[in-house]
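Now for the letters of each chain:
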Amino acid sequence: YTVIAFGVSITSQVITCGQVLTFSDIENVMNREYIKDKKRIVVKIGSSSLQHPETGDLDYIKLEILVRELCNLRNQGKDVVLVTSGAIAQGKKTLKLKEEDINDENRIAMKQACAAIGQARLMMTYERIFSEYNPISAQILITKNTFLDEVNRYNAHNTFSQLFKMGVIPVVNENDTVATYELELDNDTLSAIVAAMIDADLLILLSDIDGLYTDDPRKNPDAEFIEIVEELNESYMEMGKGSTGS
Ligand code: GLU
């Protein structure tokens, strides 16, 4: 499948040839030629693209634009999946947690509790916006086992297929609440695995960084912007960093 990254803070496993665009391009891209022949599209958005950097509260304008575009794709007869982060961030926000509330002993349990609280709230917000445009959305929470176990994978695949048949838009996140190692699987990777599992022909990654840089531009002022990745080679692979919470 093709990958379009709107700003890239993606892991090296996921980077592939494609054009690098910013979040503000989303409406243009959704109307471009190359969307036309795509039937099944996965869109991934990260926590910090969903929230205002000043407060950590949700950016309803961005959410609204995103959901509207997804609904518009679905109305063109395409199958659409949204992979969204933000559960842990929203949970923290809801509980008004401070840094000192988290320590080495409770770190994992806290994250999982935050995910449990935040996922429900995040989904409630998505549901509310989706319902304005009418499509039905559904929640699918995935763990590593969903892909590793053959029966689980088969079932998940069937669930997606059935939802597509019914015109429903699945909203996917990792099931952060159930196992420690799940927290290590970032949603860039998750979205790529989901795209492969459901035979998607386009994966769109939305990020808070305005493109692909030779290094992390927030840490390295000399990082250079790369507009188009023509061919995937070693030097691009080395630019891939771990997830940045995009
Ligand atoms: N699943 C996590 C969350 O919803 C985020 C993981 C990631 O962004 O890579 O908070």
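For the structure itself, look to the data block above.
What you are looking at is a predicted structure, and each value in this text was computed from that prediction instead of being measured.

*Asks:* Looking at this model, I keep getting lost on the pattern of salt bridges. Mind explaining?
*Replies:* Once the charged atoms of two side chains with opposite charge are near each other, the side chains can pair. Under the counting rule described, the total for this entry stands at five salt bridges. Where Asp79 meets Lys39, a salt bridge forms, and the shortest distance between an N and an O atom there is 3.9 Å. Of this pair, Asp79 sits in strand S4 (residues 79–84) while Lys39 sits in the loop between helix H2 (33–36) and strand S3 (40–45), placing them 40 residues apart in sequence. A residue is classified by how much of its surface remains accessible, and Asp79, at 10% relative accessible area, is buried. Among the ionic pairs, Arg107 bridges to Asp104, the shortest N-O distance being 3.2 Å. Judged by its relative accessible area of 37%, Arg107 is partly exposed. Residue class for Asp104 comes out exposed when judged on its relative accessible area of 68%. One connected set of salt bridges, linked through shared partners, spans Lys39, Arg40 and Asp79.

*Asks:* When you look at the environment of Ile65 in this model, what are you seeing that I'm missing?
*Replies:* Within the element layout of this structure, Ile65 appears in helix H4 (residues 60–75). A relative accessible area of 19% means that Ile65 is categorised as buried. Sequence separation of Ile65 and Ile129 is 64 residues, and the distance between their C-alpha atoms is 9.8 Å.

*Asks:* Help me out: how do you make sense of the nonpolar core in this one?
*Replies:* One recurring pattern in soluble globular proteins: nonpolar side chains tend to sit buried together. Residues Leu66, Tyr126 and Phe130 are the most contacted members of the largest nonpolar core, which totals 24 residues. For this core, the secondary structure elements donating two or more residues are S3, H4, S4, helix H6 (107–133), strand S6 (169–174) and strand S7 (202–206). Residue contributions to this core peak at six residues, all from H4. In terms of nonpolar packing, the next biggest core, distinct from the first, is built from 23 residues, Ala156, Phe164, Val172 and Ile198 among them.

*Asks:* Help me out: how do you make sense of the packing of H4 against H6 in this one?
*Replies:* In a pair of packed helices, the angle between the axes and the distance between the axes together describe the arrangement. Viewed as axis vectors pointing N to C, H4 and H6 meet at an angle of 50°, and their least axial separation amounts to 10 Å. When the axis of H4 is compared with that of H6, the two are oblique. Classified by chirality, the crossing of H6 by H4 is right-handed. Contacts between H4 and H6 pair Tyr60, Leu63, Glu64, Leu66, Val67, Arg68, Leu70 and Cys71 from the former with Thr125, Tyr126, Ile129, Phe130, Glu132 and Tyr133 from the latter. Class assignment for the residues of the contact of H4 with H6 results in 10 nonpolar, one polar and three charged.

*Asks:* Help me out: how do you make sense of the site of the ligand in this one?
*Replies:* In the vicinity of the ligand there are nine residues, among which Ser85, Ile88, Asn173, Asp176 and Asn187 approach most closely. The contact in question runs from an oxygen atom of the ligand to an N or O atom on the backbone of Gly86, over 3.1 Å. Note that an oxygen atom of the ligand is positioned 2.8 Å from one of the side-chain N or O atoms of Asn173. Computed on the free molecule, the ligand has an accessible area of 300 Å², of which 88% lies beneath the protein chains in the complex.

*Asks:* Would you mind showing me how to read the layout of surface pockets here?
*Replies:* Rolled over the atoms, a probe as big as a water molecule pinpoints where empty space is left. By volume, the second largest pocket is sized at about 220 Å³. Lining the second largest pocket, in full, are Asp57, Leu58, Tyr60, Gln90, Lys93, Thr94, Arg121, Leu122, Met124, Thr125 and Arg128. Among the elements of the structure, helix H5 (87–95) and H6 are those that each provide at least two residues to the lining of the second largest pocket. Considering each element in turn, the lining of the second largest pocket owes the most residues, five residues, to H6.

*Asks:* Before we go on, may I ask you to explain helix H9 (residues 187–197) in this structure?
*Replies:* Since one α-helical turn is 3.6 residues long, residues separated by three or four positions face the same way. In terms of burial, H9 is a largely internal element, nine of the 11 residues being buried. Here H9 has its buried residues at Asn187, Asp188, Thr189, Leu190, Ser191, Ala192, Val194, Ala195 and Met197. Near the N-terminus of H9, the side chain that reaches the backbone nitrogen of Asp188, with its oxygen 3.0 Å away, is that of Asp186. Downstream of H9 by one or two residues, Asp199 has phi in the positive range, about 60°.

*Asks:* How do you make sense of the packing of aromatic side chains when you look at a structure like this?
*Replies:* Ring pairs (aromatic) are described by centroid distance and by the angle formed between their planes. Using the criterion set out here, one finds two aromatic pairs in the structure. When the centroid spacing of 6.4 Å and the interplanar angle of 40° are considered together, the rings of Tyr126 and Phe130 count as tilted. Of this pair, Tyr126 and Phe130 both sit in helix H6, four residues apart, roughly one helical turn. Comparing Tyr126 with Phe130, the two get one shared label, buried.

Calculation rules
- Residues numbered from 1 in each chain as written.
- Predicted model: local features only at pLDDT ≥ 70, side-chain atom pairs only at ≥ 80, totals over all residues.
- Heavy atoms only, no water.
- Salt bridge = Lys/Arg side-chain N within 4 Å of Asp/Glu carboxyl O.
- Helix = DSSP H or I, 4+ residues; strand = E, 2+ residues; numbered from the N terminus.
- Buried < 20%, exposed > 50% of the residue type's maximum accessible area, 1.4 Å probe, protein only.
- Core = buried A, V, L, I, M, F, W, Y, C linked by side-chain atoms within 4.5 Å.
- Axes fitted to C-alpha atoms, helices over the stretch in contact; angles between N-to-C directions.
- Parallel < 35°, antiparallel > 145°, perpendicular 65-115°, else oblique.
- Left-handed = near helix turned anticlockwise from the far one by under 90°.
- Contact = heavy atoms within 4.5 Å.
- Nonpolar A, V, L, I, M, F, W, Y, C, P; charged D, E, K, R; others polar.
- Near = heavy atom within 4 Å.
- Polar contact = N/O pair within 3.5 Å; in protein donor to acceptor, adjacent residues only side chain to side chain.
- Areas by Shrake-Rupley, 256 points an atom, 1.4 Å probe, with all protein chains shown as cover.
- 1 Å grid on protein atoms, 1.4 Å probe; cavity = no way out; pocket = protein on both sides within 12 Å on 5 of 7 lines; lining within 4 Å.
- Points joined across faces, edges and corners; volume = space filled by probe spheres on them.
- Phe/Tyr/Trp six-rings, centres within 6.5 Å; stacked < 30°, edge-to-face > 60°.

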